[in-house]
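A look at the structure
So you can see what is in the structure, the chains are spelled out below.
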Amino acid sequence: MSKYGPKTGKSKFGDVSEGDVVYVGLDVHKSSVHAAARINGRVVTMVMPAMPEHILATLEPLRPACRKIVYEAGPTGFGLARALEGVQWPVEVIAPGKTPKPANQGSKTDRLDCIKLAEYSEKDLLKRVAIPTEQEEADRLVGRLRNQLVKKQRRVKQQIKGLLLLHGIKEPPGLENWSLGSISALREISLRREARFALDILLDEMEHLHCLLNRVMREVRRLAKEDRHAEKCARLRTHPGVGITVAMKYLTEVFEPGRFSDPSQVASFVGLAPRISQSGDKRREGPLQKAGQGDLRSLLIQASWQWIRRDRQAMAVYLRLLRNTGRKQMAIVGMARRMAVNLWCMLTRDQDYHPLAA
């Protein structure tokens, strides 16, 4: 017998009819899927290979009574959810950070995880995330690739400066901005053969990453001209401080903006909502909640500095926030939150930027 259960014979779930109530929790991994079905409160578990066609065939006996199938978002993506949606299964992908966790978690196994998901789903305790289409998921890969390359390039620059510091070499003029002259000067510094070899490799890597970033930006510009993005991208770029990089990152990450019902949901999604602690009459706003795409959050904060330089009303709001908080970082995060909400309003209302919206 296969470790994934019998290939033939009666379903392990037994006879299920429309009068039953079934909730299914899946713990999805690269090679296997653990499944738990709560059938009228009775739990049945099994293990399946991570192949959508096999999963669909195995769960088919539950179709008449299945209320919901859930699994947590993760590295396996949304392919399984789209396959289930394609044959009209009620499926939801769950935000892992919003899954309830007991104070004393006890043992943790794939089997226990899928059982808990099925139980929490039945009690309506889970928060779902939007399931992107294949095209939407492919579009946002371009922006995420750009951010990965930027991080790699930043790390290489840090390595170069670390090498100079280690050998007591003064940084050439212009290196703070990585000007072409400073890079040429690095190529001409006299070093021992081995140190010269290491520095040249790092410089070559930095230049290679620069070329790759140029290729990615050409793809971002091409993507911005596609019919599905052109009008929306042009609209977002009417907002001061928002260029093609920020506009396309926002469009691809905050897809289906109409799914948010109010500004607080948008701020929470992009990770620009503070963590609030309240007890009795005391209320305190702490650090930002860890949610959403950190790269989008960083781009919005960077764009907000440009916004306040170009928009007098935005500068007035920033100065007011600065007086209230006493910290530039907190004030600019407040502006970034306003920018995120402004962009959402512009998309949902089909309106260009208006200064009064600040």
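Thresholds, definitions, all that
- Residues numbered from 1 in each chain as written.
- Predicted model: local features only at pLDDT ≥ 70, side-chain atom pairs only at ≥ 80, totals over all residues.
- Heavy atoms only, no water.
- Phe/Tyr/Trp six-rings, centres within 6.5 Å; stacked < 30°, edge-to-face > 60°.
- Helix = DSSP H or I, 4+ residues; strand = E, 2+ residues; numbered from the N terminus.
- Lys NZ or Arg CZ within 6 Å of the ring centre and 35° of its normal.
- Buried < 20%, exposed > 50% of the residue type's maximum accessible area, 1.4 Å probe, protein only.
- Lys, Arg positive; Asp, Glu negative; His and termini not counted.
- Salt bridge = Lys/Arg side-chain N within 4 Å of Asp/Glu carboxyl O.
- Polar contact = N/O pair within 3.5 Å; in protein donor to acceptor, adjacent residues only side chain to side chain.
- Contact = heavy atoms within 4.5 Å.
- Axes fitted to C-alpha atoms, helices over the stretch in contact; angles between N-to-C directions.
- Parallel < 35°, antiparallel > 145°, perpendicular 65-115°, else oblique.
- Left-handed = near helix turned anticlockwise from the far one by under 90°.
- Nonpolar A, V, L, I, M, F, W, Y, C, P; charged D, E, K, R; others polar.
- Pairing = 2+ DSSP bridges.
- Core = buried A, V, L, I, M, F, W, Y, C linked by side-chain atoms within 4.5 Å.

1. Some words on the packing of aromatic side chains
Under the counting rule described, the total for this entry stands at two aromatic pairs. Centroid distance W305 to Y318: 5.9 Å. Interplanar angle 65°. Geometry classified as edge-to-face. Highlighted residues: W305 in helix 10 (residues 294-310) and Y318 in helix 11 (residues 312-325), separated in sequence by 13 residues. We note R259 situated over the ring of F269; from NZ or CZ to the ring centre the distance is 5.1 Å.

2. Quick look at the side chain of D311
Along the chain, D311 turns up in the loop between helix 10 and helix 11. The charged side chain of D311 is buried without a salt bridge, its nearest counter-charge being R312 at 8.1 Å. In terms of polar contacts, D311 uses its side chain to reach the side chain of Y353, at 2.5 Å. Residues in contact with D311, not counting those within four places in the same chain, are P240, Y353 and P355.

3. With respect to the packing of helix 6 (residues 193-224) against helix 8 (residues 244-253)
With their axes 10 Å apart at the nearest point, helix 6 and helix 8 run at an angle of 65° to one another. The orientation of helix 6 relative to helix 8 falls into the category roughly perpendicular. You can see that helix 6 and helix 8 cross each other, and the crossing is left-handed. Two secondary-structure elements touch here, helix 6 through M217, V220, R221, L223 and A224 and helix 8 through I244, T245 and M248. Residues belonging to the contact of helix 6 with helix 8 are distributed by class as follows: six nonpolar, one polar and one charged.

4. Digging into the pairing of strand 3 (residues 42-49)
A regular strand places its side chains on the two faces of the sheet in alternate fashion. When strand 2 (residues 32-39) meets strand 3, the two strands line up antiparallel, connected through eight bridges. Within the sheet, the bridge partner assigned to I39 lies in strand 3 and is R42. Linkage of strand 2 to strand 3, two consecutive antiparallel strands, is achieved through a turn of two residues, within which N40 is found at a positive phi near 55°.

5. A few points about the nonpolar core
Membership of the largest hydrophobic core comes to 63 residues, with the highest contact counts inside it found for I160, L236, Y250, L300 and M335. Every element with two or more residues in this core is listed here: helix 4 (134-166), helix 5 (180-188), helix 6, helix 7 (230-236), helix 8, helix 10, helix 11 and helix 12 (328-349). At 13 residues, the largest contribution of residues to this core is made by helix 12. Those residues in contact with L236 that lie beyond four places of it in its chain are V242, A247, Y250, L251, L343, M346 and L347. In this structure, F13, L59, A65 and L80 belong to the second largest nonpolar core, which totals 28 residues.

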